[in-house]
Amino acid sequence: MRLTAAGSGAKRESVTIAQRRRMSNEAALFPRNFHKKMPVAVRGEGCWIFTEDGRKYLDAAGQAAVVNIGHGVAEIGRAMAAQSSQLAFASTTQFHSEPAEKLAARLLAMAPPNFRNGRVYFTSGGSEATETAIKLARQYQLEIGKPSRYRILSRRQSYHGNTLGAMTVSGNVARRAPYEPMLAEWGHIAPCFCYHCPFEKTFPQCELACANDLDSFAGGGDADSAAAFICEPVVGATLGAAAPPEGYASRIAEICHRRGVLLIADEVMSGMGRTGKPFAVQHWGIEPDIILTGKGTASGYAPLGAMLVAANVVEAFKKGSGAFMHGFTYQAHPVATTAGNAVLDYIEAHDLFARVAPASQALIEALMPLRAHRHVGDIRGLGLLGGIEFVRDKATRAPFDAAEGICEKIRAAAMEEGVLTYPTQGCVDGKHGDHILLAPPFIITPEESSLIARSLDSALAKVFPE
Ligand SMILES: Cc1ncc(COP(=O)(O)O)c(C=O)c1O
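These lines cover the structure that appears in this document, whether it is placed above or below. Keep in mind the model is a prediction, meaning the values are calculated, not measured.

## Looking at the overall build of the chain
Assigned secondary structure in the chain consists of 14 helices and 15 strands. Here the C-alpha radius of gyration of the chain, 23 Å, is about what a compact globule of 466 residues would show, namely 23 Å. The burial tally for the chain puts 54% of its 466 residues in the buried class. Sequence separation of at least 24 residues holds for 72% of the intrachain contacts in the chain that already meet a minimum separation of 6. For the chain, the exposed area adds up to about 21,100 Å²; of that, 55% sits on carbon and sulfur atoms. Each charge class in the chain was averaged separately, 47 positive and 46 negative side chains, and the resulting centres sit 4 Å apart.

Pasting the structure below:
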């Protein structure tokens, strides 16, 4: 085929060039891993992804807890196309736009009561939302006359994003490792993880020692320098859907409030209905000062995240300098926020938040037989944010040697069976511990849940032959 300068011929030719480059191992995209070969996804429908080589995969991880409403919902694309042909972009330095304003109001209405007169700051993803919250928390302390407060406290064994500020507050050992010399140390407290309690205690006799760690830390020598505390209400990638025991969230909220430290709930993974409520913090009735979203905000149809800011923080800015010293070119993008509105329209029209609890129940029931497997240590989670941890020894909960790469082997075997999962290593101590995350779209059927369980069973049989 000859190269043509324009028109459909050029389009056909460029696809051919891309395919030819891939076939000759001369791909142009900088990959996540040069040693892994990725299939090329060409189409999505419901809970399924179809690839160029004619295979199809059941998306049991929602592509990293992103695709809440399912793949291939045509009306989302239509709404985005209409907005982009009417007004694709207007800079927030000069204009506000209707879709962003509308989505902001809808998110605030879904949030806890203290957000009713709050505001929303839209970003292009979760890491930007975390960066924004880190800076907002610092500037808030300046606005209220507490210039000594700048540290953002967080937890070990956590993940808040990949940019340097977000990585600074993250406690994910592997993801931090190469950048360690570049990261500030603002203070990481104990994780809340009952299956491998950092204090080797058991709930409720532990009396929430992990929450009290925040009190000791925030009240320690540097007490006047803490600006905020950030945590994932349900720890996603790093701990494989570890939800806190009763009382933890409210104890944390009480400590933050008492010590003048803002509470930032990172709901990039757990928010937008994934746990069965709009935001996971609503399971425990707490009111953080800031809530972060990403992933499900536009369900993967557009890059979109958000920082929801409660009324008390907004007031401090209004009464103070009036201007947040921060900004991104693409914040509150009209097409991305249109995608967010269209996703919420779809969620409302199909009552999708209400489907999370029964879908989660069906998934748990389907996974039940796996509990008997000699290497399945724990199946945990909240709503459709679930995790399975694999252990060498069930009685002692001892993990496999990290070098065995168990979770990656399980991911690969499950993929061979046609099921996509999200594997991570390090849940025990940052290095050891293997788990996979399951976070399917809210539309997952009981039959699809059974298929996930059967495929995982076959994958385990391959990875751990008798
Ligand atoms: C809890 C949490 N916070 C922040 C992020 C970062 O979001 P993004 O990858 O969209 O930058 C993630 C991503 O996995 C996450 O799970």
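## Topic: the environment of Leu-292
Structurally, the position occupied by Leu-292 is in strand β9 (residues 290-293). Take Leu-292: its relative accessible area is 0%, and that puts it in the buried class. When the C-alpha atoms of Leu-292 and Gly-433 are compared, they prove to be 27 Å apart, with 141 residues separating the residues in sequence.

## Some remarks on a nonpolar patch on the surface
A cluster of nonpolar side chains, namely Leu-164, Tyr-179 and Met-182, defines an oily patch on the protein surface of about 300 Å² accessible area. Along the chain, the position of Tyr-179 falls in the loop between α7 (173-176) and β6 (188-189). The class for Tyr-179 is partly exposed, based on a relative accessible area of 39%.

## Quick notes on the site of the ligand
Close to the ligand lie Gly-125, Gly-126, Ser-127, Tyr-159, His-160, Gly-161, Glu-232, Asp-266, Val-268, Met-269 and Lys-295, which account for all nearby residues. In the environment of the ligand, an oxygen atom lies 2.5 Å from a nitrogen or oxygen atom belonging to the side chain of Ser-127. Protein coverage of the free-state accessible area of the ligand, which is 390 Å², stands at 82%. For the shell around the ligand, the residue count by class is three nonpolar, five polar and three charged.

## Structural notes on the environment of Gln-205
With respect to the helices and strands, the residue Gln-205 is situated in the loop between β6 and α8 (209-218). Along the primary structure Gln-205 and Ala-61 are separated by 144 residues, whereas in three dimensions their C-alpha atoms are 34 Å apart.

## Considerations on the sheet that holds strand β10 (residues 305-309)
By way of backbone hydrogen bonds, the strands of a sheet pair with one another, either parallel or antiparallel. The seven strands are arranged β4-β10-β9-β8-β7-β5-β6 in an open sheet whose pairing can be described as mixed. With one partner strand each, in any of the chains shown, β4 (119-123) and β6 form the two edges of the open sheet. Direction of pairing for strand β5 (residues 151-155) relative to β6: parallel, over a ladder of two bridges. From the neighbouring strand, Arg-155 faces β6, where its bridge partner is Ile-189. The strands touched by helix α10 (residues 311-319) within the sheet are β4, β8 (262-266) and β10, with β10 carrying the most contacts at an inclination of about 80°.

## Concerning the nonpolar core
Ile-76, Leu-107, Phe-122, Phe-229 and Ile-388 are the most contacted members of the largest nonpolar core, which totals 104 residues. With eight residues, helix α11 (residues 334-349) is the largest single contributor of residues to this core. Aside from chain neighbours lying at most four places away, what touches Leu-107 is Val-120, Phe-122, Met-272, Phe-279, Ala-306, Leu-308 and Leu-344. Ile-290, Met-307, Ala-316 and Phe-324 belong to the second largest nonpolar core, which has 25 residues in total.

## Quick notes on the sheet that holds strand β2 (residues 48-51)
An order of β1-β2-β3-β13 is seen for the four strands of this open sheet, with the pairing classed as mixed. In this open sheet, the two strands that pair with only one neighbour each are β1 (41-45) and β13 (419-420). When strand β3 (residues 56-59) meets β13, the two strands line up parallel, connected through two bridges. By the bridge assignment, Asp-59 is partnered in β13 with Leu-420.

## So, the pattern of salt bridges
Per the counting criterion, the structure on display carries 15 salt bridges. Notably, a salt bridge pairs Glu-180 with Arg-176, separated by 2.7 Å at the nearest N-O pair. Glu-180 gets classed as partly exposed once you look at its relative accessible area, which sits at 37%. Given a relative accessible area of 7%, Arg-176 falls into the buried group.

What counts and how
- Residues numbered from 1 in each chain as written.
- Predicted model: local features only at pLDDT ≥ 70, side-chain atom pairs only at ≥ 80, totals over all residues.
- Heavy atoms only, no water.
- Helix = DSSP H or I, 4+ residues; strand = E, 2+ residues; numbered from the N terminus.
- Rg over C-alpha atoms; globule rule 2.2 N^0.38 Å.
- Buried < 20%, exposed > 50% of the residue type's maximum accessible area, 1.4 Å probe, protein only.
- Contact = heavy atoms within 4.5 Å.
- Areas by Shrake-Rupley, 256 points an atom, 1.4 Å probe, with all protein chains shown as cover.
- Lys, Arg positive; Asp, Glu negative; His and termini not counted.
- Charge placed at Lys NZ, Arg CZ, Asp CG, Glu CD.
- Patch = residues over 30% accessible without salt bridge, like charges linked within 9 Å, V, L, I, M, F, W, Y side chains within 5 Å.
- Salt bridge = Lys/Arg side-chain N within 4 Å of Asp/Glu carboxyl O.
- Near = heavy atom within 4 Å.
- Polar contact = N/O pair within 3.5 Å; in protein donor to acceptor, adjacent residues only side chain to side chain.
- Nonpolar A, V, L, I, M, F, W, Y, C, P; charged D, E, K, R; others polar.
- Pairing = 2+ DSSP bridges.
- Axes fitted to C-alpha atoms, helices over the stretch in contact; angles between N-to-C directions.
- Core = buried A, V, L, I, M, F, W, Y, C linked by side-chain atoms within 4.5 Å.

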